[in-house]
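Below, each chain spelled out in residue letters.
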Amino acid sequence: MNRKQWKKEGRKSLKSHYWIFVTVCLFAALIGTEYVGSLDFLTADKGETRVQRNVAKGKKVLDTIKEEDSATLPSTLTDNFSDSLIYDLLNRNHSKAEQKANANEKKEQQKTGDIGGIIAVNHQKGVLATVVNKISSGTLVVTVYSAILSLVGKDNSIASFIFVFIALFVMIALWVFFVNVYKVTMKRIFMEGTTYEIVRKNRFLFLAKVGRHAKASKAALKWTVYETLWSLTIVGYFIKHYSYFMTPYILAENPDLTGREAITLSRKIMYGHKWEAFKLEFSFILWDILGVATFGLTSMFYVAPYKEATYSHYYKFIRQTAFDNEIDGCSVMNDKWLFEKPERKDIKPYYLDFKDIRSEGINLPKEKGLKGFLAKWFGLVPFMNEYEWDYRRIQTNQAKVKHLGDDIDGLTYPRRMFSLPEKEKSNRESTLLYTRRFSFTSAIMIFFVFCFIGWGWEVCLHLLEKGEFVNRGVNYGPWLPIYGSGGIGALLLFTRIKKYPLATFFASVVFCGAIEYITGASLLAKHGARFWNYSGYFLNINGHICAEGLLVFGVACMACIYIVAPVLDDIFSKLSLKLAVTICVILITFFVADTIYSRKYPNLDGMSTKSRNEYIKENPDAYKHQLWYVLGINYKNYNDKK
């Protein structure tokens, strides 16, 4: 094979595994392992940002700050941040650093702006805005230092030493056990992609599954240290760079090797191939220039994965050449099936349990009509019976059979044939329980549980922030339908995409955002009042939705779909049909009555303070129609707020 063929094979592999290859390179760039420059397209020159500050005698002036930073996380920090604030801390001037950090944070809190004239980028309210402000202003760093100072007394010298020690320890640990060793994981994923049609997402955990993450981290560290030391000599760096070129590939093939063993073997198999490797790398020069011209866009979405795929095929060639030439020590490159598909007869002895698992799961006939439509698209069935319990058992087995079957069919790397046994999940953990079908009664009760959880969350949040109990929501009962609708809607509507967690997360964010925006806008239009207001929150749209809320909804939906709903369904499925129906009828009756009443006389407690005062001003007798007042319960005296 020659350079042209390696690159041709690299393009074929990239075409077959485009998205997972891009994801691997994108993650490497994000954590700083490789291809960091390909993220330049995420940086935007935002020109001049005007920030208001107060001066003496009540006058206000506008500071003009020129920024170049991420469009989503703007910062008022100047380039001398590390030279000023950190410098003050290291020179034991804690009070001065604290003043600078507080001043920076105030500037952040005053910032306003928008994206496309629609999405507001404000920093006044919310947890997300607070986090952004504290990180970008340096307050978080000063807070950590202050905590250390409080533990050691007033001795700034000791505090400075501990601060530097902890910072260095954390940075080094992250780099050694996460950033640097990720190179080995990268090579493994790309090498599996050169041979097999399917590369599963769990291959990111390959080193952990074979129990060699710490050993591979130590080996990768030694290789990086050697190469760094050689980089101090210009000529030595270029020679050793290509001598050590195959080290991460060797470790990816056999993570049981030490760093010295992998480096030594790389030197041996690259003997006589260093110039060849240089020409292969240099052949991408025009692609690299295009990447610079497109601010890293083409680099991330094509060139980087193209390079890695090509280098994997090149390693395959070098490896085979080493065996042909009987290079001493090449026998440790013992993962034959990484580059060669085994025959079915060779695989079967490693998967003897496959036949037993598959025999337990025989496909049941598919339902037709409305029942079949609801089951297929929404995962809903009328009630649990013997047929449904059998179907659930089959789903459990089919999930495991699918993974084992792909190994046996040669579509994925046969994990059980690897020299180091991979950890396999237990039968319950390995089943996709979230693919189950829910009965009508179970779905209804799950909806109300989500409503109760949402109500409790809102009440507790307000109690912690304001120190007072407030019945949140437009309804009077202990439920927030918006949470129930979002949770049960995501659970049922995303039945067909549940096996894709990332897609499910983004779909949940969009779905819940749409529900919250429509609900907020509708309530504002009907009652002329806001029941929540995100104005001033980081990335909000008309005060109805904000980034912070959407992220919470997205994470909550993931928890509901993959954890909470299956657990609740296990509980509710054990109830007798009669009892389940009775509970559902009672809940629905109270909920419908509450909804009808609150549409005409909304819960004043659920409104934001400003909207409630305005609403009472326009409707002086509104408090008389509050459910508590009607029932004769002395809950709150709204008459004082007219």
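Details of the structure are given in the entry above.
Treat the numbers as computed from the prediction; the structure is a model and nothing was measured.

A. Spatial organisation of the overall build of the protein. Check the secondary structure of the protein and you find 28 helices and 8 strands. Within the span of the protein, comprising 642 residues, buried residues form 45% of the whole. A sequence separation of at least 24 residues applies to 71% of the contacts in the protein between residues at least 6 apart. For the protein, the accessible area works out to roughly 34,200 Å², and carbon and sulfur atoms hold 63% of it.

B. Inspection of the side chain of Arg437 at higher detail. Residue placement: Arg437 occurs in the loop between helix H21 (427-430) and strand S6 (438-439). With near-sequence residues (within four places) excluded, Arg437 lies in contact with Glu367, Ala375, Gly379, Val381, Met384, Tyr387, Glu388, Tyr391, Arg392 and Gln395.

C. Region of interest: the packing of aromatic side chains. Per the stated rule, a full pass over the model turns up 36 aromatic pairs. With 5.7 Å between their ring centres and 55° between their planes, Phe206 and Phe418 make a pair best called tilted. Remark: Phe418 occurs in the loop between helix H20 (386-408) and H21 and Phe206 occurs in helix H9 (residues 206-209); sequence separation between them is 212 residues. Their ring planes at 45° and their centres at 5.1 Å tell us that Trp287 and Tyr302 sit as a pair that is tilted. You can see Trp287 sitting in helix H15 (residues 285-293) and its partner Tyr302 sitting in helix H16 (residues 297-324), a full 15 residues away along the chain. Grouping aromatic residues by their ring pairs yields a cluster made of Tyr242, Phe245, Trp275, Phe278, Phe282, Phe284, Trp287, Tyr302, Tyr306 and Tyr311. One cation-aromatic arrangement involves Arg188 over Phe418; the distance from NZ or CZ to the ring centre is 5.1 Å.

D. Inspection of the packing of helix H23 (residues 481-493) against helix H24 (residues 501-527) at higher detail. At their nearest, the axes of H23 and H24 sit 10 Å apart, and the two run at 145° to each other. At the point where H23 passes H24, the crossing takes the right-handed sense. Contact residues: Ile482, Ser485, Gly486, Gly489, Ala490 and Leu493 in H23; Ser508, Phe511, Cys512, Ile515, Glu516 and Thr519 in H24. Of the residues assigned to the contact of H23 with H24, the class counts are 6 nonpolar, 5 polar and 1 charged.

E. Structural detail: the pattern of salt bridges. Counted under the stated rule, the structure contains 22 salt bridges. A salt bridge links Asp288 to Lys307, with the nearest nitrogen and oxygen atoms 2.9 Å apart. A residue pair is termed long-range when its members are at least 10 positions apart, and Asp288 in helix H15 and Lys307 in helix H16 qualify at 19 residues. For Asp288, a relative accessible area of 26% puts it in the partly exposed group.

F. Fine view of the nonpolar core. Membership of the largest hydrophobic core comes to 63 residues, with the highest contact counts inside it found for Met246, Ile250, Ile269, Met270, Tyr314, Tyr315 and Met333. Looking at which element gives the most residues to this core, the answer is H16, with 10 residues. Discounting chain neighbours no more than four positions away, the residues touching Tyr314 are Trp6, Phe245, Met246, Met270, His273, Glu276, Ala277 and Leu280.

G. How the structure looks around the environment of Val142. Tracing the backbone shows Val142 in helix H6 (residues 139-152). In the structure, Val142 is positioned 45 residues away from Ala97 in sequence and 7.1 Å away in space, judged by C-alpha atoms.

H. The arrangement of a positive patch on the surface in detail. A contiguous patch of positive charge, built from Lys366, Lys376, Arg496 and Lys499, is present on the exposed surface. Along the chain, the position of Lys499 falls in the loop between H23 and H24.

About the criteria used
Residues numbered from 1 in each chain as written. Predicted model: local features only at pLDDT ≥ 70, side-chain atom pairs only at ≥ 80, totals over all residues. Heavy atoms only, no water. Helix = DSSP H or I, 4+ residues; strand = E, 2+ residues; numbered from the N terminus. Buried < 20%, exposed > 50% of the residue type's maximum accessible area, 1.4 Å probe, protein only. Contact = heavy atoms within 4.5 Å. Areas by Shrake-Rupley, 256 points an atom, 1.4 Å probe, with all protein chains shown as cover. Phe/Tyr/Trp six-rings, centres within 6.5 Å; stacked < 30°, edge-to-face > 60°. Lys NZ or Arg CZ within 6 Å of the ring centre and 35° of its normal. Axes fitted to C-alpha atoms, helices over the stretch in contact; angles between N-to-C directions. Left-handed = near helix turned anticlockwise from the far one by under 90°. Nonpolar A, V, L, I, M, F, W, Y, C, P; charged D, E, K, R; others polar. Salt bridge = Lys/Arg side-chain N within 4 Å of Asp/Glu carboxyl O. Core = buried A, V, L, I, M, F, W, Y, C linked by side-chain atoms within 4.5 Å. Patch = residues over 30% accessible without salt bridge, like charges linked within 9 Å, V, L, I, M, F, W, Y side chains within 5 Å. Lys, Arg positive; Asp, Glu negative; His and termini not counted. Charge placed at Lys NZ, Arg CZ, Asp CG, Glu CD.

Note that every value here comes from positions in space, so none of it alone points to a role or purpose.
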